[in-house]
Amino acid sequence: MPKNPTTEEQQQFSLYGKPLPYLVKRSDRRTLQISIHPDQNIVVHAPHKTSLADIHNILTKRAYWIDKTLRQLEKLPPSLGSRQWISGETHRYLGRQYRLDINQGKIKSIKLKNGFFQITVPDTNDKKMIESLMQQWYKEHAISIFEEHLQKCIHQSKSILELSQVTITLKIRPMKSRWGSCNNKGTINLNLELIKASIDCIDYVIMHELCHLKEMNHSKKFWQLLSQSMPDWESRKAKLSKLEIL
């Protein structure tokens with residue numbers, strides 16, 4: 001059967017007496033999810049049949065979390081904006097900032113050395129080439145690091161999640177508003193941008209998705225599994241919330 005098309009509609013609800021706009025995205029999904037983007041826009045992902053009354057009821061129940069998250073986002077530094085891809089510009093990797101050192105040369109190359117991304121390209125004004133080199137470098141390192149820490153988290157949680165019989169597939173791709181996602185077939189998707197976060201944050205996202213393989217929702221049982229598998233997940237999540245998805 002063909003899937004119903006995804007629909008979008010603007011709505012608003014009252015957060016402690018203050019009208020607050022949000023976007024409803026309806027699709028064939030089975031569960032409802034609230035996302036708050038770095039620009040403080042609120043998006044509710046809901047099944048087609050979910051009524052506005054039910055959505056408002058859930059938003060009201062999550063009012064404290066919504067208010068707390070919005071206040072945290074207000075404290076964040078301004079957006080880094082569009083990248084210039086010039087020497088001296090800073091870029092993140094595993095939770096640290098490194099500057100670009102771009103030089104001209106016949107053979108394209110990139111390496112992380114002495115606190116710099118040392119990049120060699122035939123034309124230092126070719127921003128697209130520099131960006132492409134960086135993205136490829138990030139992806140190559142993300143593949144090995146994410147896989148290593150996926151295995152680490154599986155081992156760490158084996159007595160709790162009991163995933164030894166589950167075939168888990170790891171995929172890395174750009175994602176606009178999520179650090180990770182998964183499906184009931186055992187596929188875990190991780191945002192390529194996550195390679196810019198610290199290892200403890202990477203482990204948090206991986207463990208979060210592993211728990212979803214047991215509970216495909218944010219039920220009380222899901223949070224219990226996460227707390228058992230990673231007792232300090234809340235501090236890791238708070239740290240990750242300060243990293244902007246670009």
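Further up the page is the structure itself.
Predicted model only: the values in this text are computed from it and were never measured.

(A) View of the overall build of the protein chain. Counting its secondary structure elements, the protein chain contains seven helices and eleven strands. Taking the principal axes of the C-alpha coordinates as reference, the protein chain spans close to 60 × 45 × 40 Å. In the protein chain, of all internal contacts separated by at least 6 residues, the share reaching a separation of at least 24 is 47%. Counting every atom, the protein chain has about 14,700 Å² of accessible surface; 50% of that belongs to carbon and sulfur. Placing the 38 positive and 24 negative side-chain charges of the protein chain at their respective mean positions leaves the two points 2 Å apart.

(B) Looking closely at the packing of helix 3 (residues 127–156) against helix 5 (residues 199–212). Direction vectors running N to C along helix 3 and helix 5 enclose 60 degrees, while the axes themselves pass 9 Å from each other. Taken as axis vectors, helix 3 and helix 5 run oblique relative to one another. Crossing hand, helix 3 versus helix 5: right-handed. For the pair formed by helix 3 and helix 5, the contact residues are Ile145, Phe146, His149, Leu150, Lys152, Cys153, Ile154 and Gln156 on the first element and Ile199, Ile202, Asp203, Ile206, Met207 and Leu210 on the second. Across the contact of helix 3 with helix 5, the residue classes break down as ten nonpolar, two polar and two charged.

(C) Molecular detail of the nonpolar core. If you look at the biggest cluster of nonpolar residues, it comprises 48 residues, and the most contacted ones within it are Phe117, Ile119, Phe146, Leu194, Leu210 and Leu240. Contributions of two or more residues to this core are made by strand 6 (96–104), strand 8 (116–121), helix 3, strand 11 (187–191), helix 5, helix 6 (220–229) and helix 7 (233–240). Residue contributions to this core peak at eleven residues, all from helix 3. Non-local contacts of phenylalanine 117, meaning those with residues more than four positions away in its chain, are made with His91, Tyr93, Tyr98, Arg99, Leu100, Asp101, Ile110, Lys111, Leu112, Met134, Trp137 and Tyr138.

(D) Spatial organisation of the packing of helix 5 against helix 7. Running from amino to carboxyl end, helix 5 crosses helix 7 at an angle of 110 degrees, the nearest separation of the two axes being 9 Å. Between helix 5 and helix 7, the crossing angle belongs to the class labelled roughly perpendicular. The handedness of the crossing between helix 5 and helix 7 is left-handed. The residues of helix 7 that touch helix 5, namely those facing Asp200, Cys201, Asp203, Tyr204 and Val205, are Trp233, Arg236, Lys237, Lys239 and Leu240. When grouped by side-chain class, the residues that make up the contact of helix 5 with helix 7 number five nonpolar, no polar and five charged.

(E) Examining the side chain of histidine 212 more closely. Inspection of the secondary structure assignment puts histidine 212 in helix 5. We classify histidine 212 as buried; its relative accessible area is 8%. When sequence neighbours within four positions are dropped, the list of residues in contact with histidine 212 reads Cys182, Asn217, His218 and Phe222.

(F) Region of interest: the pairing of strand 4 (residues 42–47). Burial within strand 4 is extensive, with six of its six residues counted as buried. Burial of the side chains of strand 4 extends over both faces: Ile42, Val44 and Ala46 are buried on one face and Val43, His45 and Pro47 on the other. Here strand 3 (residues 33–36) runs beside strand 4; their pairing, made up of four bridges, is antiparallel. Bridged to serine 35 within strand 4 is valine 43.

(G) Fine view of the sheet that holds strand 8. One open sheet accounts for four strands, arranged 5-6-8-7; its pairing is mixed. Since the sheet does not close on itself, it has two edges, and those belong to strand 5 (90–93) and strand 7 (109–113), each with one partner. Direction aside, neighbouring strands of the sheet carry axes that sit 30 degrees apart on average. Here strand 6 runs beside strand 8; their pairing, made up of six bridges, is parallel. If you follow leucine 100 over to strand 8, its bridge partner there is phenylalanine 117.

So, how was this worked out
Residues numbered from 1 in each chain as written. Predicted model: local features only at pLDDT ≥ 70, side-chain atom pairs only at ≥ 80, totals over all residues. Heavy atoms only, no water. Helix = DSSP H or I, 4+ residues; strand = E, 2+ residues; numbered from the N terminus. Contact = heavy atoms within 4.5 Å. Areas by Shrake-Rupley, 256 points an atom, 1.4 Å probe, with all protein chains shown as cover. Lys, Arg positive; Asp, Glu negative; His and termini not counted. Charge placed at Lys NZ, Arg CZ, Asp CG, Glu CD. Axes fitted to C-alpha atoms, helices over the stretch in contact; angles between N-to-C directions. Parallel < 35°, antiparallel > 145°, perpendicular 65-115°, else oblique. Left-handed = near helix turned anticlockwise from the far one by under 90°. Nonpolar A, V, L, I, M, F, W, Y, C, P; charged D, E, K, R; others polar. Core = buried A, V, L, I, M, F, W, Y, C linked by side-chain atoms within 4.5 Å. Buried < 20%, exposed > 50% of the residue type's maximum accessible area, 1.4 Å probe, protein only. Pairing = 2+ DSSP bridges.

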